[in-house]
Amino acid sequence: MPGGRSGGGRVTVRSWPWFHWRLGPTVNRRSFRPVPSVDSAILRIERRPEPLVRGRRTYQELVEPGFSGLGGSVRASLRMRHRGVDAALAAAGVSRDAVVGYVHPDQWIALWQRLYW
């Protein structure tokens, strides 16, 4: 979930520039029948007043290869299509061997800014 140290899932990362994801209050598991093994929480998704990126198509073109799994790391996936990936990763604070699950949505925005601006 965004906000922690780990990254986000594909849906979170793809929509992050246009929607803010926020974890709301928790709901105790005892509120449900049958009682699940974990507590729940309310997820609040709000449209941003201004998107974090202007190029929806280019942002999606950046994100999709990262989730392809080709090459085993985000770096390997992005290098198949982009130049300057190492500098962009360094600027975004993403390690060269990071897998997609450990790249925060804000880091994807930083990658897009470095590779498309």
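Cut-offs and rules
Residues numbered from 1 in each chain as written. Predicted model: local features only at pLDDT ≥ 70, side-chain atom pairs only at ≥ 80, totals over all residues. Heavy atoms only, no water. Helix = DSSP H or I, 4+ residues; strand = E, 2+ residues; numbered from the N terminus. Buried < 20%, exposed > 50% of the residue type's maximum accessible area, 1.4 Å probe, protein only. Polar contact = N/O pair within 3.5 Å; in protein donor to acceptor, adjacent residues only side chain to side chain. Contact = heavy atoms within 4.5 Å. Core = buried A, V, L, I, M, F, W, Y, C linked by side-chain atoms within 4.5 Å. Axes fitted to C-alpha atoms, helices over the stretch in contact; angles between N-to-C directions. Parallel < 35°, antiparallel > 145°, perpendicular 65-115°, else oblique. Left-handed = near helix turned anticlockwise from the far one by under 90°. Phe/Tyr/Trp six-rings, centres within 6.5 Å; stacked < 30°, edge-to-face > 60°. Salt bridge = Lys/Arg side-chain N within 4 Å of Asp/Glu carboxyl O.

Student: So what's going on with the environment of Pro105? Which residues, and what values?
Tutor: Tracing the sequence through the fold places Pro105 in helix 5 (residues 105–116). For the pair formed by Pro105 and Leu70, sequence separation is 35 residues and the distance between their alpha carbons is 19 Å.

Student: Before we move on, can you summarise the side chain of Gln60 with the specific residues and values?
Tutor: Note that Gln60 resides in helix 2 (residues 56–66). Residue Gln60 is classed as buried on the basis of its relative accessible area, which comes to 13%. In terms of polar contacts, Gln60 uses its side chain to reach the side chain of Arg14, at 3.1 Å. If sequence neighbours within four positions are ignored, Gln60 has contacts with Arg14, Trp18 and Pro65.

Student: Can you explain the nonpolar core? Please cite residues and give values.
Tutor: The biggest cluster of nonpolar side chains holds 24 residues, and the ones touching the most others in it are Tyr59, Leu62, Leu78, Trp108 and Leu111. Looking at this core, the elements that each hand over two or more residues are helix 2, helix 3 (74–79), helix 4 (85–92) and helix 5. Tallying contributions element by element places helix 5 first for this core, with six residues. In this view, Leu111 contacts Leu62, Leu78, Ala88, Leu89 and Ala92; residues no more than four positions away in its chain are not counted.

Student: Let's hear about unusual backbone geometry: which residues, and what values?
Tutor: A cis amide bond links Arg33 to the next residue, Pro34, at an omega of -5°. Looking at the secondary structure, you find Pro34 in the loop between strand 1 (19–27) and strand 2 (40–47).

Student: Describe the packing of helix 4 against helix 5, with residues and values.
Tutor: Where helix 4 meets helix 5, the axes come as close as 9 Å, and the angle between the chain directions of the two elements is 140°. Taken as axis vectors, helix 4 and helix 5 run oblique relative to one another. Handedness of the crossing formed by helix 4 with helix 5: right-handed. Of the residues in helix 5, those touching helix 4 at Val85, Ala87, Ala88, Leu89, Ala91 and Ala92 are Gln107, Ala110, Leu111, Arg114 and Leu115.

Student: How would you explain the packing of aromatic side chains if you had to name every residue and give the values?
Tutor: Counted according to the given criterion, the structure contains four aromatic pairs. Judged by centre distance (6.3 Å) and plane angle (20°), the rings of Trp112 and Tyr116 are stacked. Pair noted here: Trp112 and Tyr116 are both in helix 5, with a separation of four residues, about one helical turn. Residue Trp112 is classed as buried on the basis of its relative accessible area, which comes to 4%.

Student: Which residues make up the environment of Leu70, and what values do they have?
Tutor: Residue placement: Leu70 occurs in the loop between helix 2 and helix 3. Of the residues examined, Leu70 reaches a relative accessible area of 48% and is grouped as partly exposed. Between the alpha carbons of Leu70 and Thr58 there is a distance of 19 Å; along the sequence they are twelve residues apart. Residues in contact with Leu70, not counting those within four places in the same chain, are Ala76, Ser77 and Met80.

Student: Would you mind going over the pattern of salt bridges in detail, with residue names and values included?
Tutor: Opposite charge on two side chains makes pairing possible when the charged atoms of those side chains draw close. In the structure shown here, the tally under the stated rule is nine salt bridges. Across the pair Arg54 and Glu50 runs a salt bridge whose closest N-O atoms are separated by 3.3 Å. Here Arg57 ties to Glu61 by a salt bridge, and the two come within 2.7 Å at their closest N and O atoms. Remark: Glu61 and Arg57 occur in helix 2; sequence separation between them is four residues, near one turn of the helix. A single network of salt bridges, built from pairs that share partners, joins Arg10, Arg14 and Glu64.

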